[in-house]
Structures are given as C-alpha cells and as structure tokens.
Amino acid sequence: MLRIANGLIIDPANGPSGRVGDLFIEGGKIVPPPSPDRRCEVLDATGLIVTPGAVEIHSHIAGPKVTSGRILLPEDHYAHPVRRRRDFRSGTGRTVPSIFVTGYRYAGLGYTTVFEASVPPLKARHVHEELADLPLVDKGCYVLMGNNYFVMKAIKTGDRGLLKELVGWLLRAAGGYAVKVVNPGGVENWKWGRGAVTLDTPVPPFEITPRDILLALVEVAEDLGLPHPVHIHANDIGRAGNVTTTLETMRALAGRRAHFAHLQFHSYDVNKKGRFRSGAASVAEFLNEHPEFTADVGQVMFGPAATMTADSPLEYSLYRLTGGKWGSCDLELETGSGVVPMVYRRNALVNAVQWAVGLELLLLVNPWQMFLTTDHPNGAPFHVYPEIIRLLMDPDYRRSELERLPAGVRRLTQLASLDRAYSLEEVVITTRAGPARALGLKGKGHLGVGADADVVLYRKQEDVAAMFSRPVYVFKRGRLVVREGEPVADAEGKTLGVEFRSDYRFPSAFRQEFASYYSISPANYPVEDDYFRLREVVVCS
Amino acid sequence: MRGVVVGDVVCTFCGSLCDDLEVELEGGSIRGVRRACAVGRAKFLAARDTASPSINGQPASPEAALEEAARLLLRAGYPLIYGLSTIPAEAQKEAIALAELLGANIDSTSSHCHGPSTMARQQTGLPTCSLGEAKNRADLVVFWGSNPAESSPRHFVRYSVGARGLLTPQGRKDRTVVVVDVRPTATARLADEFLQIAPGQDYEALTVLRALVKGVAVEGRHPAGVPVERWARLAELMKKCRYGAVFFGMGLTMSRGREANLELLLTLVKELNAYTRFHALPMRGHGNVAGSENVLAWQTGFPFGVNFSAGYPRFNPGEFTAVDLLARGEVDACLVIGADPAAHLPGTCVRHLASIPVIVIDPHPNLTASLARVTIPVAPAGVAAAGTFYRMDNVPLRAKKLVDLGLPSDEEVLRRLRERIARAEDRQRSHY
C-alpha cells in the first residue's frame, strides 16, 4: 500500500475546497485509510498539490486522418525529434506528434485518460492498432454516425427500435465508447456536390434533415443508456454568424443530455455590417441555463496547428482559404474527412478574435459544463494546456496578452471586461472532474475511495504554466509513470468501451444493401477482440 | 472426409485485398480456393512447409539461425531493414522496433513504387476516397499509368469499371472509362477513351489538362503526342462528371518527373473540386505496402525511408531509401522481410547486396534468399498466420490464419530477434 502523505488534496468532485491530508493507494485504486499498524510505503507530499489525473474529452491522436496529417507534415517532424531513451521509444512532432510521443507528452502533463474524438467504423481497426501503441494513458474513442447511410435510412423509417439496434451494433463493431456526430447530413450533402446545410436542409439520399439526425441519435443514445451523451460537432462550423445555428441546435435538444464539441469554433456572430465578432456571450448564457449540456472549448492558441476533422466540406473551404496542402478522404456510406495545416497568427484579427472567444466561453460558463480542450491539433497542439491554464488563473497576464493583439479584438469581444480568475479547484473541474462526469467514468476525475489511482502531484509555484507543465509525480492506476514531467516507467493503458445487456446485431433489413454498397464483406467489418489487449467496459443500462 | 469451407477470407496478395474468398480445407491443408484471381489462388495453394532455416546455405535450427542473424546485425555499423510490404502491420511494428534498437535504416518497397506519390502528397495533400466510394459514386474513372487488368485482376469488378453501387446500379453502363498510358494495355482495351501519350511526357500532359480545365488556351496541336481536342474533351469530362476518380500507377511514379508528375496530378485533382467531387487513388501493388506507410507514419512521423542512427527518426528520400543506400554501397548488412530485392532492384543494388551479410525472412525461397547468409522461413501471412493488412485505400482488414504449418509468424521471428539483440546490448552495456 502506498500512502501519499501531507499533500494538499484538490478533489472538487468530493468536496468544495482543498485539504491537507493523506491518500492511500492499493491494487491500482484509492482505498480507505488502513489500520494504524499497517505498513505503508510513504511518499512525502508536503508542499505538493495532489489532483486526480486529467481527462482529455476531445482530441485527435490516432487513426486514419491523424496519420494522414502526420504524412502531410514532415516539416513538423524534422523540426521536433524526440530521442529514444532506454525503455522509451523515439518519435517526432509538435503539432501532430507520432503515437509514442503523444502518450509520453500527455502523461507528462498529468493526463491519464484520452479520448480520440472521431472514428469511422470502416477504419476502426486502424484506430485501435494505433491506440494499442499509445503508452501510459487509458484511451477510448467515439464512433462517427451523423452521415452514416444506414443510420439515416433507419431514421427515415421512423423505427427507433431499428435505429437502436444499429447504433448499439455500430458501437460494438467499432469498439467505441460514444456516438459522435460531425456536421450531421452536411458531409453526405457535400459528396453529392451540394452546398452547406442548415439544421433544416433535407439531405440526400433520404431527404431527412440534420435536425432529424440529431434528435434521433440523442434519443437513441439515451435509450441505450450510454455513459456519454451524443458528442456533437454541429453544422456550420467556422462561419461568421454560425452562432445562430449553434443556438438553434441547442434549442432543438434542450432538456436532453448532449455534449457540444469545440464550441469556440461555433460561437461566431456578425455585427450589423456583417462583420465577424464574438457570439460567446449568448452561447454561454444558454449553456448556463441548461445544465443538461456539456461542452469543450476548442481553444485557439497562436502558432502552428493542423485542422483535421470528418467535416470534409469545412476542410475543403479551409483549403480554398489557405491555398496550401489539402488531404481529404470520402469513406463509403459513412463519412468524409480532411486535413489542412494552419497557422494562427496573433496579428490576424480573425485569429485573435477566435482566441478571445474561447477564453470568453471558459470564463463565462460553469466549469462543470465547459471543459478545457484545444480540439488537438485543430486549435493548437495539446502541449499548450498549461499556458491556457495560466490565462484562466491570472487575469493580469490575460490582459497583458490581450494588449498584444490587434485593437479590434477589444471591440469585437468582451474579454477585456472579464475579471474572473480560475481557482485551482476550477482548473481541476475543467480538466478532470467535469470531463470525467460528462463521460460517465465513475473511477476517473476524483480521488474518492474506489477511484482509479490516477493521481498527479504538482509543486506549487507562482508561475502556474510552469507548474502545470511539469508534474512532480504522475501515478497511473497506482503505478509511478512520470517524474518531473518525464516518463519513468512504460505502462500500457486500458481501452475504455461500452457493453450492452442485449446483443445488438446489424439489422437484417439492411443486409442486402450492406453487401452491395460496402467494399468489404459484412463479416470482416466488426473489429475483432484481438485488437483489445486490456479492456475496461462500462455496462450500459 | 468432406472439407470445411471458410468464407470471407482476405487475399493478401495485392493491394486490392479482396475479402470474399472461400477456401476449402481438408486435413489441415488447403484443397480449393473460390473467387480468387489466378495469382491469389496460387498464393493460397503454394503455402506449404518445405524449407528449414539456413546459415550459409546449410540447414540450421531456428535458434541457431536467429543467433546468427542477431550476430550479423549487431556487428553491422549501418544496417538496413527492407521490405515490409507483404507482412502484417503487427510485424511491421516489430520491424520498426528492431530498426530503432539497432539505429538502422528501414524502408519499404515504396522506394521503387509509390514513394514519389507519397512525397507529392507531402507537398500538396491528397484528395481521395475509399474504393467503395468509387464503386458507389464514380461516373468517371481514369486510369493513368496503371494497368489493373493485369496487376489487380478483380479491381474492375469489385471497385471500379464494372462495379455496381449505390449511384451506379448498372455498373459499366453508368461509367465513362478513360485510360492514359504510353501503350495500349489490357486496361486500355476496356476504355471509352484511350489517350496514348508520348513516353516521359506525363508532366506536359498534366500541365495541358490543368490549363484546359481552367479555360486557358494551349499552344501546339499535339501536346504530349495527343491531339489537343482530345485533351479538351477529357478536361470537359472531368469538370462535368458527378464524381471522378483517377487511379494512378507506376507509369506516373517511376517515369520521368516522378514526384513532380504526382504533384501536378494531385494539384489538378484539387482544382477539379471547384467544379465537382474528384479524387485520386494510388494503385498500390503489394498486399500491405499501404500498411507499412501507415505504421511507419504513426510510429515515427515519416512514411518510408526512415533512419534511426541519430537515436530518433529521420526521413530523407534519396539518402535513407533502400535503392540509394544499396547503390551507393553504404549499408553493411541487410535484413529483408516481405520483399525480394534481388529480383526487383537495379543491378548495382543487387551486387552490393551480394557483398554484405543478408538475412531473409520469408515464407518462400526467393532470389534474394539465394544470396543470403541466413534464411528463416515463416508462415505465410493470411494463410498460416493472422494479422492486419491495409488495402490500397487504407481500409484495414484482418487476414485469417487458415492452416497451421508449424512455422512462426513474421511478427514472432522479428520479436525473438529483437529480444535477442536487446539482451546482447544489455550484456555489452554491463561490460563498461
């Protein structure tokens, strides 16, 4: 048994403020204090802050589009090599790091659970092969369904039982944890050479609308008892004025659980002259009135990034904007995807407003509902998290950073008027307790008895960016894996999945079409058990 | 005794990875194969346990062969691991781990295949689609410098020319097929339009097409050896189709211009998306050459031609690619797995291979094995060993183990070799 002694324990899920005390770990779990005669290994945590391991709710770290991004960015890899050390693999990359580096770097920041946010079932094996290579963290993934032919067909029939069967089967077939929707209907529409969709545009081939798709999937996810609600990348991402679509989507789903991904990219308003400005205030107001919703921010930070998403029409428009490299891949019956490298510039007003919109959302919304992400690597690579935490905790620093931006930002956003400073508790909520709760992960995001012993210790310092970029210790399921920000032990994380009480099967009504329209045999579609060495499932009810 | 029929078998012979085969087993061996093309069928029927490991041409125990292979690799100053294109992703991971441990070079057959396509992709990107999407939607199919009639015999039926899909219920009747090549190939015979271009003039041809697509007038009556009116017609077909797919092959990647040809083709395809949906698909040859690019890219950041001698991955085609390393006589040992370089590389490369220690890990005796110091036979993947293969459009499929030949898999042999080398390095370290 390990006793972490005399640390300042920050565990907002189990109590409002920090307390100095001991934490006991045995068998990879947090356990109650043992009897006084029990011998413990003691780690003196005097002067250290003890927090649960951080939980990444939305990131792009593995799978076909991420690897496509890696191939597209050799310059990122030349410039950022990571040397092999005795038990640790080498790699490359800052913006789209190779997989071993991704794991070491996440763990080195105190992250112990990471979710890959978008998986096309047809290529899910690729995702799991790569996740198997991701060291040190627990991992899971979300399965793309918002442009799936059979999902749309089932919705068209109006038979919710049929849709439930299909969605349950798809999650199992792809080894996923949650249902993901990306620009519902909009990707399919684009494949037909048609334009952007609104919430009520009928899309081919079944002429149902994005609203129909969202409502049906949100309902079925609830009915299946999934631990995480539908994870939504709404229509109309990135466009000035898209806040209308975002609010309309939220209104359509009000009263039901839903998670809105990278909301920063969906909170743009226009002024009377049709010019780009922040729409964060109205989105924040709506969220604060709707505790059933959660969101992650998708913060933009200045410097190189790589946009990658299943939203292929968005990536096409970004390619038209940048005129540079463009990766795109349409996948039969399921989705599209695209990759476009991007540099966010401090002196570009649009980018500066994007930066401010993300911070506005983080400062205006309850941290139990608004989680820190960069939609890695879309808004910025995840290694900038400590810098964002500093912006949240230190209003003077935030103001000084705002001063460096084009003057228009202060007119087009209300960031300058926001004085709020995040407390340590709130940082732990937005990076750990909140996302773990939204994901329905009972053993994560807190340090109560029975929780996984994913524990991170920091040395308290004035410079919070330095503090959060270099944990003194990281324990993964009770095992010390990181010291002073560097990995010290190679441990394999578990793959997190869901399991149902019923054995959902691919609907027999669709079998003929599967055989005709996919390019592989139905029997070769589901990911085999061989791809999961260590698995942990949430049983849905 | 009647045989057992196993369905939905994945054929790992070529990049098409047909996964609808039926294999009849009897008494632990393969008796028949249905639905496969001639080459695929031969692959299944040829699988048998014949050879034993060898050292310097003499039969050896598996342990002795591994020991000798480890010794040769440990002694080398600048080794090369080469091939990777017919082995499962699981084995490719092991090969990369071994290369990293040795500080070696590692390269796939991309060197003399689609390496230039990938280099072009690094410069321009790649708008592409899955083969099933081409089947379902493409009403215009262009084969440029590729000849699937002979290289991937079932490609037409399953994915392209005659395949029936969602928006192409009548198959061939719903499609226009165009072939651009330097000679009338078997594929050209099926085309609605065949443009026979002058050898080495693909770059000119693509420049003309880009201009015509953009409405820019072109000088000259016969650019790249084809009347300009026919290029204009192709440009119109490309702009007016509903969903276009160009399947490009080594006629572009290995002819004059190489990656420059591909940069131009991919740029053309990008530009066509201003008019319609248009996609480019590389016709990858080997069963898992696409996998080698994926696994190398996600583990090292680079898709082929990777060097570990600095302790981290470096990528430089021309420096760390197999043909160049061998032709310049730089590498002093070579582990070959999943390729037959003696049969396919230029003479200078083969002469150098013959002068250095070569280790061959392969299910079959091949030309390279004849000049190897050590050979280790392995179970043919997809027949006697399971594993993941990536189709030419990067769709991953799990190949089955159908029979047990009592041979270790590629992955097992590589892992044992790596463990042996790691132990030896540990011993060496403890000496200091």
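Keep in mind that what you see is a predicted model, and the values were worked out from it rather than measured.

### Some words on the interface of chain A and chain B
1) Next: With 59 residues of chain A at the contact, the number on the chain B side is 67 residues.
2) Next: Interface area, chain A with chain B, both sides summed: about 5100 Å², of which 50% is carbon and sulfur.
3) Next: Counting the surface chain A buries against chain B, the share from its top three residues, A:Ile71, A:Arg84 and A:Glu129, is 13%.
4) Next: The interface formed by chain A and chain B includes six salt bridges.
5) Next: One salt bridge in this structure joins B:Asp426 and A:Arg86, with 3.2 Å as the shortest N-O distance.
6) Next: Linking chain A with chain B are 46 residue pairs in polar contact (both at pLDDT 80 or more).
7) Next: Broken down by element, the side of chain A that touches chain B gets its largest block of residues, six residues, from helix H4 (residues 124-133) of chain A.
8) Next: Taken together, the residues of the side of chain A that touches chain B sort by class into 25 nonpolar, 16 polar and 18 charged.
9) Next: In the sheet, strand E18 (residues 327-330) of chain A pairs with strand E8 (residues 127-129) of chain B via three bridges, with the strands oriented parallel. Each bridged residue has a counterpart across the sheet, and for A:Ser328 the counterpart in E8(B) is B:Pro127.

### Some thoughts on helix H15 (residues 347-355) of chain B
At 3.6 residues per turn, the α-helix brings residues three or four places apart onto the same side.
Residues and elements named next belong to chain B.
1) Next: Listing the buried residues of H15 in full gives Cys349, Val350, His352 and Leu353. Taken down its axis, H15 places every buried residue within 160 degrees of arc, on the same side. Relative to its buried face, H15 has exposed residues pointing more than 90 degrees away, namely Arg351 and Ser355.
2) Next: Where H15 is buried, its residues contact helix H13 (322-327), strand E16 (334-337), helix H14 (341-344) and strand E17 (358-362).

### A word on the pattern of salt bridges
Opposite charge on two side chains allows them to pair when their charged atoms are near.
All names here are of chain A.
1) Next: If you walk through the whole model with that rule in mind, you get 68 salt bridges over all chains.
2) Next: We note a salt bridge from Asp22 to Arg3, for which the minimum N-O separation is 2.6 Å. With Asp22 in strand E2 (residues 19-26) and Arg3 in strand E1 (residues 2-9), this residue pair connects regions lying 19 residues apart in the sequence.
3) Next: Residue Asp22 is classed as partly exposed on the basis of its relative accessible area of 25%.
4) Next: You can call Arg3 partly exposed: its relative accessible area is 28%.
5) Next: Among the ionic pairs, Glu401 bridges to Arg346, the shortest N-O distance being 3.3 Å. With Glu401 in helix H14 (residues 395-403) and Arg346 in the loop between strand E19 (338-344) and helix H12 (349-364), the pair connects residues that are 55 residues apart, well separated along the chain.

### What to know about the state of the cysteines
1) Next: The final tally for this structure, using the stated rule, is zero disulfides over all chains.
2) Next: Of all cysteine sulfurs in the structure, the one in B:Cys14 sits closest to B:Cys113, which takes part in no disulfide; the separation is 12 Å.

### Concerning the sheet that holds strand E12 (residues 243-248) of chain B
Residue and element names in this part refer to chain B.
1) Next: If you trace the five strands from one edge of the open sheet to the other, you get E11-E10-E9-E12-E13, paired in parallel fashion. Two strands lie at the open edges of the sheet, namely strand E11 (193-196) and strand E13 (277-282), each paired on one side alone. Between one strand axis and the next, the sheet turns through 15 degrees on average, direction left out of account.
2) Next: Note that strand E10 (residues 176-181) and E11 share four bridges and pair parallel. Residue pairing for E11: Val180 is matched across the bridge by Leu195.
3) Next: Across the sheet, helix H9 (residues 228-240) is in contact with strand E9 (140-144), E10, E11 and E13; its angle to E11 comes to roughly 130 degrees.

### Description of the packing of helix H8 (residues 202-213) of chain B against H9(B)
All names here are of chain B.
1) Next: Where H8 meets H9, the closest approach of the two axes is 9 Å, and the angle between their N-to-C directions is 60 degrees. Between H8 and H9, the angle is such that the two are oblique. The hand of the H8/H9 crossing is right-handed. Contact residues: H8 offers Ala205, Val208, Leu209, Leu212 and Val213, while H9 offers Val228, Trp231, Ala232, Leu234, Ala235, Met238 and Lys239.
2) Next: For the contact of H8 with H9, the residue count by class is 11 nonpolar, no polar and one charged.

### Brief notes about the confidence of the model for chain B
1) Next: Averaged over all residues, the pLDDT of chain B equals 96, while 99% of them reach at least 70.
2) Next: Model confidence for the complex: the whole-complex pTM is 0.97, and ipTM, which rates the interface, is 0.97.

### Concerning the sheet that holds strand E17 (residues 303-309) of chain A
1) Next: Overall, mixed pairing links the four strands, which are arranged E17(A)-E19(A)-E18(A)-E8(B) in an open sheet. In the strand order of this sheet, the two ends are held by E17 of chain A together with E8 of chain B, each with one partner. Averaged over all neighbouring strand pairs, the angle between strand axes comes to 25 degrees, with direction disregarded.
2) Next: Contacts between helix H11 (residues 312-322) of chain A and the sheet are confined to E17, E18 and E19 of chain A, with E19(A) contributing the most and set at about 45 degrees to the helix.

### Regarding the pairing of E12(B)
Residue and element names in this part refer to chain B.
1) Next: Within E12, six of the six residues are buried, which leaves the element mostly enclosed by the surrounding structure.
2) Next: Going residue by residue along E12, you find Tyr243, Ala245 and Phe247 tucked away on one face and Gly244, Val246 and Phe248 tucked away on the opposite face as well.
3) Next: The sheet contact formed by E9 and E12 spans five bridges and is parallel. Directly across from Leu140, in E12, lies its bridge partner Gly244.

### Structural notes on the side chain of B:Asp393
1) Next: Inspection of the secondary structure puts B:Asp393 in the loop between strand E19 (387-390) and strand E20 (396-399).
2) Next: In this structure the side chain of B:Asp393 is engaged in a polar contact, spanning 2.8 Å, whose partner is the side chain of B:Arg391.
3) Next: Once residues lying within four places of it in the same chain are set aside, the contact partners of B:Asp393 are A:Lys123, B:Cys129, B:Ser130 and B:Leu131.

### Some thoughts on the packing of helix H5 (residues 149-157) of chain A against helix H8 (residues 210-224) of chain A
Residue and element names in this part refer to chain A.
1) Next: With their axes 10 Å apart at the nearest point, H5 and H8 run at an angle of 90 degrees to one another. Relative to H8, the element H5 lies roughly perpendicular. For the pair formed by H5 and H8, the contact residues are Val151, Met152 and Ile155 on the first element and Asp212, Ile213, Ala216 and Leu217 on the second.

### Quick look at helix H13 (residues 385-393) of chain A
1) Next: Buried residues dominate H13(A), accounting for seven of its nine residues.
2) Next: Those residues of H13(A) that fall on the buried side of the exposure criterion are A:Tyr385, A:Pro386, A:Ile388, A:Ile389, A:Leu391, A:Leu392 and A:Met393.

Cut-offs used in this document
- Residues numbered from 1 in each chain as written.
- Chains lettered and ligands numbered in written order.
- Predicted model: local features only at pLDDT ≥ 70, side-chain atom pairs only at ≥ 80, totals over all residues.
- Heavy atoms only, no water.
- Contact = heavy atoms within 4.5 Å.
- Buried area = accessible area lost by both parts, 1.4 Å probe.
- Salt bridge = Lys/Arg side-chain N within 4 Å of Asp/Glu carboxyl O.
- Polar contact = N/O pair within 3.5 Å; in protein donor to acceptor, adjacent residues only side chain to side chain.
- Helix = DSSP H or I, 4+ residues; strand = E, 2+ residues; numbered from the N terminus.
- Nonpolar A, V, L, I, M, F, W, Y, C, P; charged D, E, K, R; others polar.
- Pairing = 2+ DSSP bridges.
- Buried < 20%, exposed > 50% of the residue type's maximum accessible area, 1.4 Å probe, protein only.
- Arc of directions from axis to C-beta.
- Disulfide = S-S within 2.5 Å.
- Axes fitted to C-alpha atoms, helices over the stretch in contact; angles between N-to-C directions.
- Parallel < 35°, antiparallel > 145°, perpendicular 65-115°, else oblique.
- Left-handed = near helix turned anticlockwise from the far one by under 90°.
- pLDDT = per-residue confidence, 0-100.

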